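Close look at the chain arrangement
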Amino acid sequence: MRMENALENRDTFGVSDAVLLDDPDNTDEFIENLRKRFRGDIIYTYIGPVLIVTNPYKPLPIYAEDSIKKYQNVNYIEVAPHVFGLTDNAYKQLREENRDQCILISGESGSGKTEASKQILQYIAAASRNVSSVETTKDKLLYSNPVLEAFGNAQTNRNDNSSRFGKYMDIEFDFRGSPIGGHILNYLLEKSRVVNQSQGERNFHIFYQLLTGVDDATLSSLQLTRSVVNYNYLNQGQVKIAGQDDKKQFEVVKQAMSRVGFEDAEITEVFQIVAAILHVGNVNFKQDGHYGKIATPDVVKTAAQLLGCTPEKLTKAFTHRTIEARGDFVTSPLTFDQCTYARDALSKAVYERLFTWLVSKLNESLKSDFNGKRTLMGILDIYGFEIFEKNSFEQFCINYCNEKLQQLFIELTLKSEQEEYRKEGIEWQHVDYFNNKVICDLIEERHKGMIAIMDEECLRPGDANDFSLLEKMDENLSSHNHYLSHKIANNVTRKSLTRDEFRLLHYAGEVTYKVHGFLDKNNDLLFRDLREAMTQSNKKILQLVFPAGELLRKKRPDTAATQFKNSLAQLMEILMSKEPSYIRCIKPNDFKKSGVFDLEIVGHQVKYLGLMENLRVRRAGFAYRRKYDTFLDRYKSLCPQTWPHFQGPADKGVELLMKHLGYHEDDYQLGKTKIFIRHAQTLFAIEDAFQIRKEQLVSKIKAIWLGRRQRKAYLEMRKQVIFVQKYARRFLAAREYKKRRWASNVIRGFVIGFMNRNQDANAANEKFLQFVRYQFLRRLAKSLPNIILRHDQKWPSAPKSCAEANRILCKVHRRLVVRKYVRGLDPEKKRQLEMKYLAHELFKGKKCTYEGTVKNYFKEYRPEDLRSRVASIENNVRNSGERLLYCTTVTKYDRHGYKPRERILTLSNGALYLHDAKDLKQKHKILLTDLTGITITNMGDGLLVFRIPPELKQQKGDLIVNCPHVIEAVTKIIDAASQNKSLLNIVPPGEIQHGMNGGKKQGIIEVKKSDSELMEITKRKGHLIVMTSC
Ligand SMILES: Nc1ncnc2c1ncn2[C@@H]1O[C@H](COP(=O)(O)OP(=O)(O)OP(=O)(O)O)[C@@H](O)[C@H]1O
Ligand SMILES: [Mg+2]
């Protein structure tokens, strides 16, 4: 897509991938494409996967957050070329395929390598997961840069912020792709810069930053002044860089040091050492005979103080040299020049070791404690190829390093790629290229190379010096095509060389080196006295970097060049073990100027960077290759025949897969062990399909997993529910059991109680009896009789155990009912009942008609209408001071002849009266007190005989009456006669005598039992016969 877009605008902005150019052999077209893009501020161009950057020398708005987002999770081929695109691609491979990556940034000094490396870090920090645990690591990775740049970068004529050391940084990622740590390898710091800078150049940034940025108090404690010109190590070249704010930068550095984990004491010590170096630079010597002598002891004192050693020790170390020869130490004074040399050697050594310590400190802080599998992404930002006016040992090393990197690039892209096609049996037209191995060999070949010659010269006994070294090199290398010196050059070239120079024809151009200082720098010796002074320092950092054991070491350390060579060899190994991505930086002009695109300068770089060869191989080659099994492993899910497992050989599987995806033989080729895919687009299409498939698979797996998890949770929950249920059931069962047990005990107790119910209360029947009592009382309560009549019959029966209580209760209750009844009675009724009670006493069981009268109330008048007729009688009674109590019609029988006469019997409270029923004349009055008895029969008759004492003459004897309501009448009379019950005499049938004529004569009344219901009273044989039934 990106390519297609690029094709549309190609006239204005060129093409984004040089592979799309018409002619891969046309260098001018290639450069013109870069220029078009450069003019449009498009600084990035691809050659396939290789990114070319043209340094814009001006800030561009293409590194902000939105740009980062644009490159995240897209195929880099779909978006405009960018360092973010390349980084994202490498990061994706690292995450998804778990393969270590490295990004190699090459280009000459000032071409933008360090900037690119910072952008890579910036992208990774932004694109990786934002987890707090990772944030600190990201922070440390980002903040390590300002620290390293302050101490390791300097302004040169090529670059205002030139890296004066090589840096390889590994970022460590966990399996999720989160940065978890890092490690930095540093390579050969250009330490000569500490003591010496060319015109227009500066010392390392930190010196200037310290002087301008530090606060006044610290400045005076370090005994410094702000003026840069006061310091010999700073006033040789340039003082300030336009656009660089040292003061502000100092704050940044200080803050970065703390963020990365430097303690305050360490930071102070670091600045003390930096200040000490400035003071050391100001130590001057004077001639003292043949020897040198300190001219500025005060400065030595200050320097010693900051370095943590005694001034005496330092003074001696500056002016003397002790040599150990076969166990003996011989000390000799130094000449003036040697003193200066010793002074500078100390500054260089201290600074270099300080720098190494800083790196180790950063590494310590970046170290991760993660134990799982980690993947690495290496970023190599090493000093670029450089040609100065005067090139020395440092440039030699730097350029050698660049040769090695170029070699690696050739190895991995041009050479090995083509070799691989051949080995794999892929049809291939060989592309020619310049292989710089020959130059690398010239420098590093064992025993023969320049480094070997230098080492030999260093170690050689006798008077070896830089000129003898040059001679040696001339001797050994004169036939080499890439080596030239004044001595072996032809007449024309000789003019461009002085006698102390040699020239190397590097892959990137010819560089003339001044041989001066080569041996010394290679030797890199620090006089024993200086080392001793440092090992005795009381500063922690110096103690660490100058270990005391160093003095005892007998073996001579490797020379600087050999050390460098070895470390480069190691670096190459590291790089080779990783999947490389390349950034090739180009600088458009030599003046650090924006908008200037110098065709010649760019053309030169295009040539030596081998970009055209790169393009040609790319055009003809394949964008992607992978071993069959790896490829099949990743993409097998896209074809049903290969998913989930392909049983046959991997190459067959890959073939099936590609056919299934519908690709033609033009799109890919099958080698012996690998598949080769021609266009990246093809791969991306496969990758996209894989991503979609992966998501489907992930959803499926997720669904199954979620299902399983859910089921597991369900089973767990079920288990718990059953567990709880079990306890609940157990509890309920236990409760039920207890209840039943209780119930059965109750029933058993009941049965036993029932069986023993008739015994006296004891343990066996106690409860039962209680129950029985309770039930009885309840029953009783419901069936209590509420009328007094037949109270006892209606009273419920009781079980034996309650018999006594029942009896008492019955009695009490009856009393209660009676009491209630009695209280409810009106006086009249009460009177009636009293009379009835009296009747009961008089007649109960004595007269057979009694029972029939019980239910009838006694009346005052018989018949009831009598009242209206007897008013006169009532008046008479009342007049005689009495109260009428009873009035009834009766039949009176004469004592003689027993003639019946209808009379009215009236009872008052004082007497009995008999009145004629017709005329109501009083016939008899018998005072109750005179009445001696009343005789009646026990039969159903109404016969009534009032016994009257014989002395009462006027009465003429006992009175015989037949009264229809004999019981009522007698009861009332007895009541009126003060209840004298003895008056009444009830007799059985038979003869009843009655007095006549004042007791002189006795009449007889015969009472006879008859079967007839009717009573009959007749007179027979002088007797009154009463026939009655019962
Ligand atoms: N992408 C960029 N955008 C803007 N300016 C850039 C860019 N890349 C580089 N520069 C400018 O170029 C200068 C030099 O870049 P840098 O320090 O990265 O070069 P280098 O290749 O690391 O050089 P050396 O080998 O000397 O360390 C930077 O200070 C910056 O001003
Ligand atoms: Mg740099």
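Residues numbered from 1 in each chain as written. Chains lettered and ligands numbered in written order. Predicted model: local features only at pLDDT ≥ 70, side-chain atom pairs only at ≥ 80, totals over all residues. Heavy atoms only, no water.

Under an unreviewed UniProt entry, the name given to the protein chain is Myosin-IB, and the organism recorded is Orchesella dallaii. UniProt, in the comment section headed Sequence similarities (unreviewed entry), describes the protein chain in these words: "Belongs to the TRAFAC class myosin-kinesin ATPase superfamily. Myosin family." (UniProt positions renumbered as here; feature names shortened; annotations may be inferred.)

Bringing the site of ligand 1 into the picture now. If you check the shell around ligand 1, you find 21 residues, and the closest are S109, G110, T114, S162 and S163. One of the backbone nitrogen or oxygen atoms of G112 is found 3.0 Å away from an oxygen atom of ligand 1. Contact between ligand 1 and N161: an oxygen atom at 3.4 Å from a main-chain N or O atom of the residue. Relative to its unbound accessible area of 630 Å², ligand 1 is 88% covered by the protein chains. For the shell around ligand 1, the secondary-structure elements that each account for two or more residues are α6 (113–127) and β5 (162–163). Counting residues per element, the shell around ligand 1 draws most heavily on α6, which supplies 4 residues. (Near = heavy atom within 4 Å. Polar contact = N/O pair within 3.5 Å; in protein donor to acceptor, adjacent residues only side chain to side chain. Areas by Shrake-Rupley, 256 points an atom, 1.4 Å probe, with all protein chains shown as cover. Helix = DSSP H or I, 4+ residues; strand = E, 2+ residues; numbered from the N terminus.)

On inspection of all chains with the given rule, the structure shows 32 aromatic pairs. Here Y63 and F84 contribute two aromatic rings whose centre-to-centre distance is 5.9 Å and whose plane-to-plane angle is 80 degrees, an arrangement assigned as edge-to-face. Of this pair, Y63 sits in the loop between β2 (50–54) and α4 (65–71) while F84 sits in helix α5 (residues 83–97), placing them 21 residues apart in sequence. F84 sits in the buried class, given a relative accessible area of 0%. Relative to F771, the ring of F750 has its centre 4.9 Å away and its plane inclined at 75 degrees; by these criteria the two rings are edge-to-face. Residue F750 is found in helix α30 (residues 680–755), and its partner F771 is found in helix α31 (residues 766–782); the two are separated by 21 residues along the sequence. With a relative accessible area of 33%, F750 lands in the partly exposed category. Above the face of the Y208 ring, R202 is positioned so that its terminal group lies 3.9 Å from the ring centre. (Phe/Tyr/Trp six-rings, centres within 6.5 Å; stacked < 30°, edge-to-face > 60°. Buried < 20%, exposed > 50% of the residue type's maximum accessible area, 1.4 Å probe, protein only. Lys NZ or Arg CZ within 6 Å of the ring centre and 35° of its normal.)

For the magnesium ion (ligand 2), the protein coordination sphere consists of T114 (OG1) and S163 (OG), at 1.9 to 2.0 Å. Pair noted here: T114 is in helix α6 and S163 is in strand β5, with a separation of 49 residues, a long-range link. (Donors = N, O, S within 2.8 Å, 3.2 Å for Na, K, Ca; no water.)

This brings us to the sheet that holds strand β1 (residues 44–47). Strand pairing in a sheet takes place through backbone hydrogen bonds and is either antiparallel or parallel in direction. Read across the sheet, 7 strands follow the order β1-β2-β16-β3-β12-β6-β7 without closing on themselves; strand pairing throughout is mixed. Every interior strand has two partners, whereas the edge strands, β1 and β7 (179–187), have only one. Along the sheet, successive strands turn relative to each other by an average axial angle of 20 degrees, direction set aside. Looking at chain direction, β1 and β2 are connected through 4 bridges and run antiparallel. Paired with I47 across the bridge in β2 is V50. The sheet strands contacting helix α3 (residues 27–39) are β1, β2 and β16 (579–586), and the helix crosses β1 at an angle near 150 degrees. (Pairing = 2+ DSSP bridges. Axes fitted to C-alpha atoms, helices over the stretch in contact; angles between N-to-C directions. Contact = heavy atoms within 4.5 Å.)

Glancing now at the packing of helix α11 (residues 246–260) against helix α12 (residues 264–281). Helix packing geometry: the angle between the two helix axes and the distance between the axes. Across the interface, α11 lies against α12 with an axial gap of 10 Å and an inter-helix angle of 135 degrees. In terms of their interaxial angle, α11 and α12 are classed as oblique. By crossing handedness, the relation of α11 to α12 is classed as right-handed. Judged by residue contacts, F250, K254, M257 and S258 of α11 engage I267, V270 and F271 from α12. Per-class residue counts for the contact of α11 with α12 are 5 nonpolar, 1 polar and 1 charged. (Parallel < 35°, antiparallel > 145°, perpendicular 65-115°, else oblique. Left-handed = near helix turned anticlockwise from the far one by under 90°. Nonpolar A, V, L, I, M, F, W, Y, C, P; charged D, E, K, R; others polar.)

The next thing to look at is the environment of H430. Checked against the element boundaries, H430 lands in the loop between α16 (393–424) and α17 (437–444). In sequence terms H430 and R616 are 186 residues apart; their C-alpha atoms lie 9.8 Å from each other.

Going through the model one piece at a time under the given rule, you end up with 0 disulfides. Free cysteine: C458, not disulfide-bonded; nearest cysteine sulfur from C397 at 12 Å. Here C585 is not disulfide-linked; the sulfur of C401 is the nearest cysteine sulfur, at 14 Å. (Disulfide = S-S within 2.5 Å.)

If you trace the 3 strands from one edge of the open sheet to the other, you get β17-β19-β18, paired in antiparallel fashion. Looking at which strands have only one partner, the edges of the open sheet turn out to be β17 (624–627) and β18 (668–670). Averaged over neighbouring strand pairs, the angle between their axes works out to 15 degrees when direction is ignored. Here 4 bridges tie β17 to strand β19 (residues 674–677), and the two strands are oriented antiparallel to one another. Paired with K627 across the bridge in β19 is K674.

Right, let's talk about the environment of H965 for a bit. Within the secondary structure, H965 is located in the loop between β27 (959–962) and α38 (966–976). Distance in space between the C-alpha atoms of H965 and K70 is 138 Å, their sequence separation being 895 residues. In this view, H965 contacts R862 and Y886; residues no more than four positions away in its chain are not counted.

A cluster of nonpolar side chains, contributed by I747, V751, F754 and M755, occupies part of the molecular surface with about 400 Å² of accessible area. Counting through the fold element by element, F754 comes out in helix α30. (Patch = residues over 30% accessible without salt bridge, like charges linked within 9 Å, V, L, I, M, F, W, Y side chains within 5 Å. Salt bridge = Lys/Arg side-chain N within 4 Å of Asp/Glu carboxyl O.)

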